[in-house]
Amino acid sequence: MNSIRKNKAFMAILYILVFLLLAEWLTPVITLTDTGHKPLFLIFIAISLLMAFLHVHWTIAAGVKMVYIMWFLIYVYTEATIFSFEALGFILDDLQINIAALFAQDWAQTTDIFRTVLFFSLLWMAVYLIHYWVSFRLSIFLFYILTVIFIAVLDTFSPYNGDTAIIRIMVVGLMLAGLLHLARWLEGHRINETIERLAGFIIPLFVMVAVSTALALYLPKAGPLWPDPVPYITSFSGEGGPGPAAVGRIGYGVDDSELGGSFLGDDTPAFRAEVEDGQYWKVETKDTYTTKGWELSEPVSEPVLYSNGDLIETEFEPGTEDDSQNAVLEMEQDFPFVLYPYGIESIQMNGEIRYSYSAVDQKIEPLLSGAPFEPDDVELQFNEPSYSLTGLRESTVDKLAELPPEFDRYKQLPEELPQRVRDLAQEITMNSETVYDKARAVEDYFERNDFEYSLTNIPVPEEDQDYVDQFLFETKRGYCDNFSTSMVVLLRSLDIPARWVKGFNEGVQVDSNGETEVYEVTNNNAHSWVEAYMPGVGWMLFEPTIGFTGSSQIDFDLDIETSDPEEQELPERPQQPELEEEDEEAAASAGSDGPSLWDRFGEYAADNKGSIFLGMAAFVLLSIVLFLKRQRWLPKILVPYYRRRNGKQTFEKAYLRLLKQLDLYGIKREDGQTLMSYARYIDSFFGTKEMTRLTASYEQSVYGGRPETVEWRELKESWENLINRTSS
């Protein structure tokens, strides 16, 4: 080993930088999987690198690592004394469970302890590979590039934010690559340097990297030419329609002034709801359509304050008292408002909380000592509204003219709205008599006219383009915002008061507790729908988005007493036509605003995490075995490769490849040993004269300056015989 690798101070700097680079791999894995105990995993990496740096014998190093892993399992998963009979018995019992699960190929039955051991094994293998690259190959380029790609992909396609991580990786990687290049240069020139003289190289390198980083951070920057690869890629599909594409992450937002663009799924939990049946959880409404999105026509003012247990009066009358239900929300995210179901009666929280309800946007905001409050747990009492069929059948169109002026803001439309939108509204409802029939006709229009639900390839309208007009007549492709906004605009074109509603849909049932069910609601479940006013009846919920059935939660109370059989027919909601295959995929997640590719991958990973971990471990193990045994299989690739090649440079490359293969075989060339001396030793080892012949030709080509005199065709057989011997 050359002197630079024996310089402990220099190698210590390399291993410290390697530790920092490995930490950047570990951080997003811990963050995205909620694994926890990140410091303990970092300690394991540090111990592994330290023993590699000190060249501790592999048996001792393996023993120390196994003891640490055992201590971790006992510390994290049991309350027993470290290495007591109780703790060891627990580990052995768990081992038996996992062995039985593996033999039965029941990956779901593998335990967290088993997965933790697999994770430690992956870290162990990663440290070994990096130790090999740093100590023997003096190259970290491949791992450096993979780290950059890994963080970039996670930052783009997952909730992980890699903005600062990528800066740290670039700084550490540049320092590490620079030091390893210096080490290779010193070894190539056989220069022996002390740490004092090495400092003359190292310090300027670190200063250059630091200055470059500072300049990159603080100098003015032009806007990105390619801000996000997702819209760039989807822009070539031709499915997005006109207008520039934008990509965001699903979740509840505040600004709805510019709608459109594609979305990435985000299954980050928002809250859990324990309730008898799934509910739509309302947050607020907006009333002014701007051709691009939604705003409020007037500021929120003079709210009504309620206390715990007070009867809250909204514009939706609760149903009968016998049907009252309770709901308990456990908030996972901090929201400065209360999510409430239709027919809300009262709210209960711990402490002296007041509830501010505004009739302008129907939002309920909790206040603690007059200041906004973000609740952790909310208990709600509600009673789902019921509607009389008699009243709905009497909601004649002429009653719309009798509505008071306060409904005018729910009939607002921009002057720029294309006339064909108004014409379409008339066409859809031409055979409908009552206001309710017209609303239902508009609600059902999207399912029957080749509209498609999707989160991807969704355009943003151009400056002179109307958001609704683009969806109805050009793209016919979108998600809840497209469908709900279009229905509101179509209803308003008929002078039917309607407003745009935001909140969350019911989510996914994950558990049950007696008569109640537990639903998990994530950012994917952020949703929008429609409320329309039926004269003489009141506001009603409508759900125009394909694949969602929110309005079916409303009970239509038939209050009819007549002998006319035609009038006794129930106004059942029409059976939804079977969705096409793509729509079935969009509607398969009953509690989301449509699954994205990332959602489906996340669901698959969650359902098959045992198989994935085992597959990853098997892949890494196989890669390591193939890498360590490469001297056996590489000749099978090298021989046919060089057999087909000719040219002056081919022989030189083949000869150098042979030297590397002999080194892998275990016949190493000593420091200072000439090529011819080494060749004679090879021939004496194998009992041939072929290496001497090849070396003489190589020296004639390289040092004699006569490469044209070397005939590769005549030397191929000798080269192949030698390189094939190294695979035995």
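Our structure is the block above this text.
In this text the structure is predicted, and so the values were computed from the model without any measurement. (Residues numbered from 1 in each chain as written. Predicted model: local features only at pLDDT ≥ 70, side-chain atom pairs only at ≥ 80, totals over all residues. Heavy atoms only, no water.)

(A) Representation of the overall build of the protein in the model. A tally of regular secondary structure across the protein gives 23 helices and 22 strands. A burial count over the protein gives 46% of its 728 residues as buried. Across the protein, the fraction of contacts at a sequence separation of at least 24, relative to all contacts at a separation of at least 6, is 74%. Of the roughly 37,500 Å² of accessible surface on the protein, a fraction of 55% belongs to carbon and sulfur atoms. (Helix = DSSP H or I, 4+ residues; strand = E, 2+ residues; numbered from the N terminus. Buried < 20%, exposed > 50% of the residue type's maximum accessible area, 1.4 Å probe, protein only. Contact = heavy atoms within 4.5 Å. Areas by Shrake-Rupley, 256 points an atom, 1.4 Å probe, with all protein chains shown as cover.)

(B) View of the packing of helix α3 (residues 38-53) against helix α6 (residues 112-137). Running from N to C, α3 and α6 point in directions that differ by 35°, and their axes come no closer than 10 Å. Handedness of the α3/α6 crossing: right-handed. In this structure, α3 uses F41, F44, I45, S48, L49 and A52 to contact α6, whose residues at the interface are F119, F120, L123, W124, V127 and H131. In terms of residue class, the contact of α3 with α6 is made up of 10 nonpolar, two polar and no charged. (Axes fitted to C-alpha atoms, helices over the stretch in contact; angles between N-to-C directions. Left-handed = near helix turned anticlockwise from the far one by under 90°. Nonpolar A, V, L, I, M, F, W, Y, C, P; charged D, E, K, R; others polar.)

(C) Inspection of a negative patch on the surface at higher detail. On the surface, E330, E332, D334, E374, D376 and D377 cluster together into a negatively charged patch. Along the polypeptide, D334 turns up in the loop between β8 (325-331) and β9 (344-348). (Patch = residues over 30% accessible without salt bridge, like charges linked within 9 Å, V, L, I, M, F, W, Y side chains within 5 Å. Salt bridge = Lys/Arg side-chain N within 4 Å of Asp/Glu carboxyl O. Lys, Arg positive; Asp, Glu negative; His and termini not counted. Charge placed at Lys NZ, Arg CZ, Asp CG, Glu CD.)

(D) Region of the structure containing helix α15 (residues 480-493). The first and last C-alpha atoms of α15 sit 20 Å apart over 14 residues, in line with the 20 Å expected at 1.5 Å per residue. Of all 14 residues that make up α15, 14 are buried, and the element is covered over most of its length. Looking one or two residues past α15, D495 carries a phi angle of roughly 65°, positive in sign. (Expected span 1.5 Å × (residues − 1).)

(E) Up close: the sheet that holds strand β3 (residues 269-275). Strand order in the open sheet made by the six strands is β9-β13-β8-β3-β19-β18, with antiparallel pairing throughout. On the outer flanks of this sheet lie β9 and β18 (508-513), each paired with one strand and no other. On average, each strand axis in the sheet is inclined to that of its neighbour by 25°, with strand direction left out of account. For β3 and β8, the ladder comprises four bridges, and the chain directions are antiparallel. Within β8, the position partnered with F271 by the bridge is M331. (Pairing = 2+ DSSP bridges.)

(F) Expanded view of the environment of E462. Within the secondary structure, E462 is located in the loop between β15 (452-453) and α14 (467-475). Its relative accessible area of 38% is what places E462 among the partly exposed residues. For the pair E462 and K292, spaced 170 residues apart in sequence, the C-alpha separation works out to 9.1 Å.

(G) Highlighting a nonpolar patch on the surface. Residues F141, L142, I145, L146, I149 and V153 make up a contiguous nonpolar surface patch of roughly 540 Å² in combined accessible area. Structurally, I145 is set in helix α7 (residues 141-157). On the basis of relative accessible area, I145 is assigned to the partly exposed category, the value being 32%.

(H) Examining unusual backbone geometry more closely. The residue D450 is not glycine, and still its phi comes out positive at about 65°. Within the secondary structure, D450 sits in the loop between α13 (435-445) and β15. A residue is classified by how much of its surface remains accessible, and D450, at 69% relative accessible area, is exposed. A positive phi angle, close to 65°, is found at D495, a residue other than glycine. Relative to the assigned elements, D495 resides in the loop between α15 and β17 (498-504). For D495, a relative accessible area of 46% corresponds to the partly exposed category.

(I) Looking closely at the environment of V209. With respect to the element layout, V209 can be found in helix α9 (residues 195-218). In this structure V209 comes out as buried when scored by relative accessible area, which is 8%. Residues V209 and G178, 31 residues apart in the sequence, show an inter-C-alpha distance of 9.7 Å. With sequence-adjacent residues up to four places away left out, V209 is seen in contact with V171, L174 and M175.

(J) Summary view of the sheet that holds strand β21 (residues 538-542). Here four strands make up an open sheet; going across it, the order is β4-β17-β20-β21 and the pairing antiparallel. Here the strands that pair on one side only, and so sit at the sheet edges, are β4 (281-286) and β21. Strand-to-strand, the axes of this sheet are offset by a mean angle of 35°, without reference to chain direction. In this sheet, strand β20 (residues 526-534) lies alongside β17 in antiparallel orientation, the contact comprising seven bridges. Looking across to β20, one finds that V501 is bridged to W529. Packing against the sheet, α15 makes contact with β17, β20 and β21, and its axis sits at approximately 15° to β20.

(K) Structural detail: the packing of helix α12 (residues 419-428) against α15. Relative orientation of the contacting elements α12 and α15 amounts to 80°, with a least axis distance of 8 Å. Judged by the angle between their axes, α12 and α15 are roughly perpendicular. Contacts between α12 and α15 involve V421, R422, L424, A425, Q426 and I428 from the former and V489, L490 and S493 from the latter. Across the contact of α12 with α15, the residue classes tally to six nonpolar, two polar and one charged. (Parallel < 35°, antiparallel > 145°, perpendicular 65-115°, else oblique.)

Honestly, that's just the spatial picture; any functional story needs more than this.
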